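A structural walkthrough
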Amino acid sequence: AFALAMLPVASYFLVRLVKNPNNKNIGLASIGLALFISTHNYMWFLSLPFVYIFLFFLISKKQVVQSIKSLIIASVLGIGAVAYWVFPAILELKHVPRLTPFLLDDHFPFMKQLIIPSWGYGASHWGPYDDLSFQIGVVNLIVISLLGLLFIFRFVKKPARQNAPALGRVIIWVLVSFAISVVFMNIRTISLWKLLPIYNFVQFPWRLLYLTTFFTSIAGALVIELLPKFNKKSAILLIFLCLFLTKDYFKPSGRMYFDDNHYF
């Protein structure tokens, strides 16, 4: 949960850096990176490649060298700040048991679990009958679908306007990144997963839902950007739907009461 919260924070400071490469932004980006990397064993390894590809779309042609140089410095400082943990973890990986109690092969969600809304407080099991939800989210799917349609009508069927190519590249990045995240939650990609050096430690492929959340959040902002006449209304509508369609999830799994004698 903390990694999910820190991913957009680190991304925000990295975007600031490539747009305005200076010492202040180098410092902020390195702190953001260090905080994100330190939140989880491998989430940063799975998500930062997407972020860095996005950054290259934003670099201005006038300051390519300066932006890339600043990005490298911030990355080195960020990793250096958590080197006390990262490098021993890598060097001593051979001493860690290769098998975990939760094998990645057993925890790929089924496509219907990603699409059909559901909720639960139990565990992840083999097969399609898990006791917790793997849904991408109704609003998330609506937003990504809208973005795809808007991209077709605004950038494919009509001539590109000023600043449109850059925006078009960002939209393609969001759609492709979202698709990759979904595809890698399918068991048919197991052979590709096994190419990763940390394959045995991932445990749950459905953790990539945190990436679909990140990408669809950006997709929501892009949809609002592409609807200038309705930006306020569409923003309010998205916020309302996010709250209304998930209101039933804000309930405890059960209620228990024991008096003090029970605990003694």
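Conventions adopted
Residues numbered from 1 in each chain as written. Predicted model: local features only at pLDDT ≥ 70, side-chain atom pairs only at ≥ 80, totals over all residues. Heavy atoms only, no water. Helix = DSSP H or I, 4+ residues; strand = E, 2+ residues; numbered from the N terminus. Buried < 20%, exposed > 50% of the residue type's maximum accessible area, 1.4 Å probe, protein only. Contact = heavy atoms within 4.5 Å. Areas by Shrake-Rupley, 256 points an atom, 1.4 Å probe, with all protein chains shown as cover. Axes fitted to C-alpha atoms, helices over the stretch in contact; angles between N-to-C directions. Parallel < 35°, antiparallel > 145°, perpendicular 65-115°, else oblique. Left-handed = near helix turned anticlockwise from the far one by under 90°. Nonpolar A, V, L, I, M, F, W, Y, C, P; charged D, E, K, R; others polar. Salt bridge = Lys/Arg side-chain N within 4 Å of Asp/Glu carboxyl O. pLDDT = per-residue confidence, 0-100. Phe/Tyr/Trp six-rings, centres within 6.5 Å; stacked < 30°, edge-to-face > 60°. Lys NZ or Arg CZ within 6 Å of the ring centre and 35° of its normal.

**Brief notes about the overall build of the chain**
- Of regular secondary structure, the chain possesses 13 helices and zero strands.
- In the chain, which comprises 264 residues, the proportion classed as buried is 40%.
- For the chain, the share of sequence-separated contacts (at least 6 apart) that also reach a separation of at least 24 residues comes to 70%.
- Counting every atom, the chain has about 16300 Å² of accessible surface; 69% of that belongs to carbon and sulfur.

**As for the packing of helix α3 (residues 43-58) against helix α11 (residues 209-226)**
- For the pair α3 and α11, interaxial distance at closest approach is 11 Å and the crossing angle is 30°. Relative to α11, the element α3 lies roughly parallel. As for the relative orientation of α3 and α11, their crossing is right-handed in sense. Here α3 contributes Met43, Leu46, Ser47 and Phe50 to the contact with α11, which in turn contributes Tyr210, Leu211 and Phe215.
- Split by residue class, the contact of α3 with α11 holds six nonpolar, one polar and no charged.

**Some points on the side chain of Gln135**
- Position of Gln135 among the secondary structure elements: in the loop between α6 (111-115) and α7 (138-156).
- In this view, Gln135 contacts Gln113, Leu114, Ile116, Pro117, Ser118, Trp119, Leu209 and Tyr249; residues no more than four positions away in its chain are not counted.

**Overview of the pattern of salt bridges**
- The final tally for this structure, using the stated rule, is one salt bridge.
- For Asp248, the salt bridge identified is with Lys247, shortest N-O distance 3.4 Å.

**Points about the confidence of the model for the chain**
- Put simply, the chain has an average pLDDT of 87, and 95% of its residues get 70 or more.
- The secondary-structure element of the chain with the lowest mean pLDDT is helix α10 (residues 199-202), recorded at 76, while helix α2 (residues 23-39) shows the highest, at 94.

**Description of the packing of aromatic side chains**
- Evaluated as defined, the whole model comprises 13 aromatic pairs.
- Consider the rings of Phe258 and Tyr263, whose centres lie 6.3 Å apart with planes at 90°: the pair is edge-to-face.
- Clustering of aromatic rings is evident, with ring pairs tying together Phe50, Phe54, Trp173, Phe214 and Phe215.
- Sitting over the face of the ring of Phe244, Lys247 holds its NZ or CZ atom 5.4 Å from the ring centroid.

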